[in-house]
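Letter by letter, the chains look like this.
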Amino acid sequence: MAEIVLGVGASHSTLMNTHWEQVRHRDRAERFRDSLGAARDALAAARPDVAIIVGSNHFRGFWLDLIPAFTLGVGEVIASGESGTPSGPQRTRPEVAQAVAEHLTAAGTEVAISARLQIDHGQSHAIQYLLRDLEVPVIPLVVNAFATPLPLVSRCVELGRNIADAVAALPADLRVAVIASGGLSHRLPWPSRWQDPDGEDEEFLVQAWLNGRGDWERYDGRRRTIITAARPTICPEFDEEFLAALEKGELERYGGLSTEQIEEAAGNGAQELRAWLTMAAALGFRPGRVLAYEPMPEWLTGMGVAVIDPGRAS
């Protein structure tokens, strides 16, 4: 019987790749980078045969013409390669991904599937830093965290629990890691509701999100300028309470939050916490271990890394 051998949650930011030399809080940046290395070592020790990466997409593989709540990559997986992240085809296990998709749907969590899924740093940042040199095939699970209406947080918790059941039902004796990529607190300089852009920059972004299919690079220059000019909004108190709950095995209490409550407490970028809650639910909300938390205004984000080891005594 297959089993989940490790859960990992890690923040992502392409600014880590492109703006390292501009970092003023270098000690914080190095501690966060080192914690990614420690999480990578934990994954190596867990020896997974496949990794399910739960994360968002930042309008490089999904567009406003069609955005499902949940999408599982069951065939080819192609990384966009923006801002120094991995590019091109990634290692996959299509037969495992399809079996997971069928089990999820039978359990009542209807995931969309993609036989040729384009991912961006919502998953590829984890591939770059957490799966570096491990040659572990990936199954991307994209959660809509930006194009309202967003899936209920409670549905993400249900998704995680059903992932655990789907892994247990796999016929092979596979070792599976579940990785959550995204968060923690941050505010992105784009409209929280794409239906109501405010000003030229937000109107430009909405047009990019609507018309970028097959042509996202054309919009990326100005888009990056808008993002790098943004004023940081980080909520360390929220982040630290969230990570403390992870360590105590109490993240389930966040499962009732609404989209509006998350944005008010931690910014629109914190909608990516859905990925962490999906991962934690797949691990049965066991107590975990925080490897680092660093508020990084240069990267616009509260950056955290944590692991949940089901074999570790609580």
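Shown above is the structure to which this text applies.
So, here's what we can say about the structure. (Residues numbered from 1 in each chain as written. Predicted model: local features only at pLDDT ≥ 70, side-chain atom pairs only at ≥ 80, totals over all residues. Heavy atoms only, no water.)

1. Section: the environment of Leu300
Thinking step 1. Relative to the assigned elements, Leu300 resides in the loop between β8 (289–296) and β9 (301–308).
Thinking step 2. Judged by relative accessible area, which is 6%, Leu300 ranks as buried.
Thinking step 3. Residues Leu300 and Arg231, spaced 69 residues apart in sequence, show a C-alpha to C-alpha distance of 7.5 Å.
Thinking step 4. Apart from residues no more than four positions distant in its own chain, Leu300 is found in contact with Leu15, Ser185, His186, Arg187, Ile227, Ala230, Pro232, Thr233 and Ile234. (Helix = DSSP H or I, 4+ residues; strand = E, 2+ residues; numbered from the N terminus. Buried < 20%, exposed > 50% of the residue type's maximum accessible area, 1.4 Å probe, protein only. Contact = heavy atoms within 4.5 Å.)

2. As for unusual backbone geometry
Thinking step 1. At the junction of Thr148 and Pro149, the peptide bond is cis and its omega measures out at 5° in the coordinates.
Thinking step 2. Within the secondary structure, Pro149 is located in the loop between β6 (138–143) and α5 (153–168).
Thinking step 3. With an omega dihedral of 0°, the bond running from Gly183 to Leu184 counts as a cis peptide bond.
Thinking step 4. In this fold, Leu184 is placed in the loop between β7 (175–181) and α6 (200–211).
Thinking step 5. You will see that Asp133, though not glycine, has its phi angle at about 70°, which is positive.
Thinking step 6. Relative to the helices and strands, Asp133 resides in the loop between α4 (121–129) and β6.

3. Side note on the environment of Phe242
Thinking step 1. Assignment of secondary structure puts Phe242 in helix α8 (residues 236–248).
Thinking step 2. Taking the C-alpha atoms as reference points, Phe242 and Leu273, 31 residues apart in sequence, are found 9.6 Å from one another.
Thinking step 3. Among all residues touching Phe242, those that are not within four sequence positions of it are Leu184, Leu251, Tyr254, Leu273, Trp276 and Leu277.

4. Focus: the pairing of β7
Thinking step 1. Burial within β7 is extensive, with six of its seven residues counted as buried.
Thinking step 2. Two elements, strand β1 (residues 3–10) and β7, share seven bridges in a ladder whose sense is parallel. Bridge pairing in β7 places Val8 opposite Ile179. (Pairing = 2+ DSSP bridges.)

5. Focus on the pattern of salt bridges
Pairs can form between side chains of opposite charge once their charged atoms are near each other.
Thinking step 1. Enumeration according to the criterion identifies 23 salt bridges in this entry.
Thinking step 2. A salt bridge links Arg33 to Asp34; its shortest N-O distance comes to 3.9 Å.
Thinking step 3. Look at Asp34 and you get partly exposed, because its relative accessible area is 49%.
Thinking step 4. Glu110 serves as the salt-bridge partner of Arg155, at 3.7 Å between the closest nitrogen and oxygen. (Salt bridge = Lys/Arg side-chain N within 4 Å of Asp/Glu carboxyl O.)

6. A word on the packing of aromatic side chains
Thinking step 1. Applying the stated rule across the entire model yields eleven aromatic pairs.
Thinking step 2. Note on Trp20 and Trp299: the rings are 5.9 Å apart at their centroids and 35° apart in plane angle, and the pair reads as tilted. Of the two residues, Trp20 sits in the loop between α1 (15–18) and α2 (26–46) while Trp299 sits in the loop between β8 and β9, which places them 279 residues apart along the sequence. No difference in accessibility class separates Trp20 from Trp299, as the two residues are buried.
Thinking step 3. Ring geometry for Phe32 against Trp299: centres 6.2 Å apart, planes inclined by 65°, an arrangement best described as edge-to-face. (Phe/Tyr/Trp six-rings, centres within 6.5 Å; stacked < 30°, edge-to-face > 60°.)

7. Thoughts on helix α10 (residues 273–282)
For an α-helix, the turn length of 3.6 residues means that residues three or four places apart are oriented alike.
Thinking step 1. Burial analysis of α10 places ten of its ten residues in the buried class, which makes it a mostly covered element.
Thinking step 2. Along α10, the positions that sit buried rather than exposed are Leu273, Arg274, Ala275, Trp276, Leu277, Thr278, Met279, Ala280, Ala281 and Ala282.
Thinking step 3. Directly beyond the C-terminal end of α10, a positive phi value near 70° is found at Gly284.

8. Section: the nonpolar core
Thinking step 1. In terms of nonpolar packing, the biggest core is built from 53 residues, with Ile52, Leu72, Leu141, Ile163, Phe242, Leu251 and Trp276 touching the most fellow members.
Thinking step 2. The biggest single contributor to this core is α10, with eight residues.
Thinking step 3. Judged by nonpolar contacts, the second largest core, of 40 residues, contains Leu36, Ala51, Phe62 and Leu131. (Core = buried A, V, L, I, M, F, W, Y, C linked by side-chain atoms within 4.5 Å.)

9. Some remarks on the packing of helix α3 (residues 94–106) against α5
Thinking step 1. Running from N to C, α3 and α5 cross one another at 125°; their axes reach a closest spacing of 9 Å. As far as their axial angle goes, α5 and α3 are oblique. Classified by chirality, the crossing of α5 by α3 is right-handed. Taking contact as the criterion, the partners of Val100, His103 and Leu104 in α3 are, on α5, Leu159, Asn162, Ile163, Asp165 and Ala166.
Thinking step 2. Taken together, the residues of the contact of α3 with α5 break down into five nonpolar, two polar and one charged. (Axes fitted to C-alpha atoms, helices over the stretch in contact; angles between N-to-C directions. Parallel < 35°, antiparallel > 145°, perpendicular 65-115°, else oblique. Left-handed = near helix turned anticlockwise from the far one by under 90°. Nonpolar A, V, L, I, M, F, W, Y, C, P; charged D, E, K, R; others polar.)

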